[in-house]
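Chain residues, written in single-letter form:
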Amino acid sequence: QVQLVESGGGLVRTGGSLRLSCAASGRTISSYYMGWFRQAPGKEREFVADVSRTGSLTNYADSVKGRFTIGRDNAKNTVLLQMNSLKPEDTGVYYCAASRWATVRTTPDYWGQGTQVTVSS
């Protein structure tokens with residue numbers, strides 16, 4: 001079982017950037033698909049991005065494609081989400097997620113506590 005802790009959230013202006021980090025413990029993340037979800041107030045949690053075990057394959061929600069980049073550093077047991085050209089609609093709690101047997105988009109098995117991202121207009 002893997003434990004996940006997110007960091008890097010904060011308040012940023014429209015058009016700005018943030019870099020989220022997810023630190024894993026308990027297991028090496030090389031055994032897991034890794035990814036990110038987010039949840040805005042009053043809305044369901046939605047998929048943002050995920051990455052395969054080796055980092056060779058990535059998937060993004062249409063709403064963030066071209067603006068967000070997911071990456072992983074298995075040696076450091078971390079996964080990153082670089083967010084550029086941020087919009088107010090990107091506001092929400094961002095959750096790191098892991099899946100042992102399938103993509104995070106399909107079957108997220110483990111979750112972090114989340115980190116708040118607020119984009120002001």
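Here, the structure is the one placed above.
Every residue gets a number counted from 1 within its own chain, in the order that chain's sequence is written. With pLDDT at 70 or above as the cut-off, local features in this predicted model cover only qualifying residues; side-chain atom pairs require 80 or more to be listed or tallied, and sums for whole chains, interfaces and linings still use all residues. In computing side-chain properties, one takes all heavy atoms of the structure into account and sets aside hydrogens as well as water.

(A) Local environment of the pairing of strand E4 (residues 33–39). Only protein chains enter the area calculation, which uses a 1.4 Å probe; residues under 20% of their type maximum are buried, those over 50% are exposed, and those in between are partly exposed. Every helix listed is a DSSP run of H or I at least four residues long, and every strand listed is a run of E at least two residues long, numbered separately from the N terminus. Burial analysis of E4 places six of its seven residues in the buried class, the great majority of the element. Here a strand pair is declared whenever DSSP counts at least two bridges between the two strands. Examined bridge by bridge, E4 and strand E5 (residues 46–51) share five bridges and lie antiparallel to one another. Residue pairing for E5: Arg38 is matched across the bridge by Glu46. Counted between consecutive antiparallel strands, the loop separating E4 from E5 contains six residues, among which Gly42 sits at a positive phi close to 80°.

(B) Focus on the nonpolar core. Only buried Ala, Val, Leu, Ile, Met, Phe, Trp, Tyr and Cys residues count toward a nonpolar core, and they belong to the same one when joined by side-chain atoms within 4.5 Å. Core analysis: the biggest nonpolar cluster contains 33 residues, and Met34, Trp36, Leu81, Met83 and Tyr94 have the highest contact counts within it. Mapped by element, the contributors of at least two residues to this core are strand E3 (18–25), E4, E5, strand E7 (68–73), strand E8 (78–83), strand E9 (92–99) and strand E11 (115–120). Contacts are assigned to residue pairs that have any heavy atoms within 4.5 Å of one another. In this structure Tyr94 touches Glu6, Leu20, Trp36, Phe37, Arg38, Val48, Phe68, Leu81, Met83, Gly114, Thr115 and Val117, once residues within four positions along its chain are discounted.

(C) Expanded view of the sheet that holds E8. Taken in spatial order, the four strands make up an open sheet running E1-E3-E8-E7, and their pairing is antiparallel. Each edge of the open sheet is held by one strand with a lone partner, namely strand E1 (3–7) and E7. Averaged over all pairs of adjacent strands, the angle between their axes in this sheet comes to 15°, without regard to strand direction. Pairing of E3 with E8 involves six bridges; the strand directions are antiparallel. Looking at the pairing, Arg19 lines up with Gln82 of E8. Angles here are taken between N-to-C directions and fall from 0 to 180 degrees, while the axes themselves are lines fitted to C-alpha atoms, restricted in helices to the stretch in contact.

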